[in-house]
Amino acid sequence: MAIQPDLIDPFGRRVTYLRISVTDRCDFRCTYCMSENMTFLPRRDLLTLEELERICVTFINKGVRNLRLTGGEPLVRRNVMHLISNLGQQIENGNLDELTITTNGSQLHRFSSQLFEYGVRRVNVSLDTLDRDQFAKITRWGRLDQVLNGLECARKAGLKIKINTVAVKNQNEYEIESMMKWAHGEGFDLTLIETMPLGEIDGDRNEQYLPISTVRARLEEKYTLEDIAYNTGGPARYVEVKETGGRIGFITPMTHNFCESCNRVRLTCTGKLYMCLGKDDEADLREPLRNSEGDELLSQAIEEAISRKPKGHDFLIDRDSKHSLSRHMSVTGG
Ligand code: SAM
Ligand code: SF4
């Protein structure tokens with residue numbers, strides 16, 4: 001592999017982490033993420049799996065060490081396991097440290113063993129509630145038992161599991177403690193996430209927004225939370241819960257700006273590169289990818305994009321939605 005200079009942005013941050021939304025489609029319709037009647041990106045605009053792989057390998061050649069596949073629901077993209085198998089080879093060859101996946105868990109019963117076989121060792125599974133009815137309400141189309149079965153299959157396959165829970169006011173707000181007790185009892189880390197104003201949804205985001213600081217304060221009334229230095233390469237700040245011995249990660253884009261250590265960029269399934277989750281600026285990688293046999297144009301386009309990575313975002317859930325973005329989380333994959 002030709003040695004190439006690392007990707008360093010104007011603020012001296014090294015970009016070592018690429019998230020790839022392999023599809024914006026999903027078999028769920030979580031209320032904070034999507035409206036029930038979604039218009040998805042036209043299929044003709046989608047990059048093929050081979051094209052996604054070419055982009056990933058170009059990033060790897062430029063110093064990216066971590067890839068996370070996400071979506072939409074990454075495991076509903078047809079033949080996605082081919083891509084995972086090929087990217088897994090990069091771990092075997094020593095070019096990549098980690099290949100991970102963020103999933104709603106609905107397909108883990110089908111794919112867990114293969115994921116492990118191809119080199120995936122950690123999965124983030126999004127689960128907001130353990131109450132069947134509440135689950136159906138939040139995901140609209142999901143079935144809790146299928147996800148719980150998927151989690152069991154993932155565990156049996158040897159995958160390390162982290163649970164991602166979005167804290168939603170008036171929905172799972174008073175269930176966070178039982179989620180924590182369950183997750184820690186199962187040996188899973190739990191990450192709590194604030195809702196972010198991304199994309200049109202059917203409800204009002206103001207009514208969903210629950211500051212993680214409130215959630216943390218409520219937990220602290222009953223539990224001892226100790227800040228720890230544990231880091232999985234993401235934006236979560238971790239604590240250890242003395243009483244359970246488990247870990248909780250807090251992701252607080254709205255109340256706490258975590259941009260200073262940002263090491264990541266995000267690729268959509270149509271080849272757009274977003275340098276910040278909270279900004280609209282993007283770079284098109286599809287044209288340079290398709291216009292060159294080799295990867296020179298693509299490589300230049302990536303470097304140019306990184307030179308535009310902004311210092312940070314300015315999310316704010318406000319009444320006139322001035323600081324909201326029209327793009328859904330499923331486009332850039334969280
Ligand atoms: N479908 C997969 C899943 O649900 O894990 C992967 C994609 S999903 C967009 C990635 C993560 O983003 C999930 O944990 C989900 O709960 C979270 N998410 C979606 N919309 C969000 C929003 N508006 N604010 C905060 N988190 C959001
Ligand atoms: Fe689908 Fe994940 Fe969005 Fe839920 S959060 S609708 S599972 S992409």
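Attention in this report is confined to the structure presented alongside it. (Residues numbered from 1 in each chain as written. Chains lettered and ligands numbered in written order. Predicted model: local features only at pLDDT ≥ 70, side-chain atom pairs only at ≥ 80, totals over all residues. Heavy atoms only, no water.)

**Looking at the overall build of the protein chain**
1) Next: Within the protein chain one finds 11 helices and 12 strands.
2) Next: Relative to a compact globule of 334 residues, whose C-alpha radius of gyration would be 20 Å, the protein chain shows 19 Å and is just as compact.
3) Next: Summarising its shape, the C-alpha atoms of the protein chain cover approximately 60 × 45 × 40 Å along the three principal directions.
4) Next: Split into buried and exposed, the 334 residues of the protein chain put 55% on the buried side.
5) Next: Within the protein chain, counting contacts between residues at least 6 apart in sequence, those at least 24 apart form 72% of the total.
6) Next: When the accessible surface of the protein chain is totalled, it reaches about 14800 Å², and 46% of it is carbon and sulfur.
7) Next: Across the protein chain, the mean location of the 45 positive side-chain charges is 1 Å away from that of the 49 negative side-chain charges. (Helix = DSSP H or I, 4+ residues; strand = E, 2+ residues; numbered from the N terminus. Rg over C-alpha atoms; globule rule 2.2 N^0.38 Å. Buried < 20%, exposed > 50% of the residue type's maximum accessible area, 1.4 Å probe, protein only. Contact = heavy atoms within 4.5 Å. Areas by Shrake-Rupley, 256 points an atom, 1.4 Å probe, with all protein chains shown as cover. Lys, Arg positive; Asp, Glu negative; His and termini not counted. Charge placed at Lys NZ, Arg CZ, Asp CG, Glu CD.)

**Examining the packing of helix 1 (residues 49-61) against helix 2 (residues 80-92)**
1) Next: Remark: helix 1 packs on helix 2, axes separated minimally by 10 Å, with the N-to-C direction vectors making an angle of 20 degrees. When the interaxial angle is binned, helix 1 and helix 2 end up roughly parallel. Relative to helix 2, helix 1 is oriented so that their crossing is right-handed. Across from Leu49, Leu52, Glu53, Cys56, Val57 and Ile60 in helix 1, the residues of helix 2 making contact are Val80, Leu83, Asn86, Leu87 and Gln90.
2) Next: In terms of residue class, the contact of helix 1 with helix 2 is made up of 8 nonpolar, 2 polar and 1 charged. (Axes fitted to C-alpha atoms, helices over the stretch in contact; angles between N-to-C directions. Parallel < 35°, antiparallel > 145°, perpendicular 65-115°, else oblique. Left-handed = near helix turned anticlockwise from the far one by under 90°. Nonpolar A, V, L, I, M, F, W, Y, C, P; charged D, E, K, R; others polar.)

**Side note on the site of ligand 1**
1) Next: Close to ligand 1 lie 18 residues, the nearest being Tyr32, Gly72, Ser126, Val166 and Met196.
2) Next: Within the side chain of Glu73, one N or O atom sits 3.3 Å away from a nitrogen atom of ligand 1.
3) Next: At 2.5 Å from an oxygen atom of ligand 1 is found a side-chain nitrogen or oxygen belonging to Ser126.
4) Next: Expressed as a share of its isolated accessible area of 540 Å², the protein-covered part of ligand 1 is 95%.
5) Next: Listing elements by their share of the shell around ligand 1, those giving two or more residues are strand 3 (98-103), strand 5 (160-167) and strand 6 (189-194).
6) Next: Class assignment of the residues belonging to the shell around ligand 1 gives a composition of 6 nonpolar, 9 polar and 3 charged. (Near = heavy atom within 4 Å. Polar contact = N/O pair within 3.5 Å; in protein donor to acceptor, adjacent residues only side chain to side chain.)

**Structural notes on the site of ligand 2**
1) Next: Taken together, the residues surrounding ligand 2 are Cys26, Phe28, Arg29, Cys30, Cys33, Met34, Gly72 and Asn104.
2) Next: Among the residues forming the shell around ligand 2, the class breakdown is 5 nonpolar, 2 polar and 1 charged.

**Concerning unusual backbone geometry**
1) Next: For Arg140, which is not glycine, the phi dihedral falls at a positive 60 degrees.
2) Next: Following the sequence through the fold, Arg140 ends up in the loop between helix 4 (132-139) and helix 5 (144-157).
3) Next: Even without being glycine, Asn170 reaches a positive phi, approximately 65 degrees.
4) Next: Tracing the backbone through its elements, the reader meets Asn170 in the loop between strand 5 and helix 6 (176-186).

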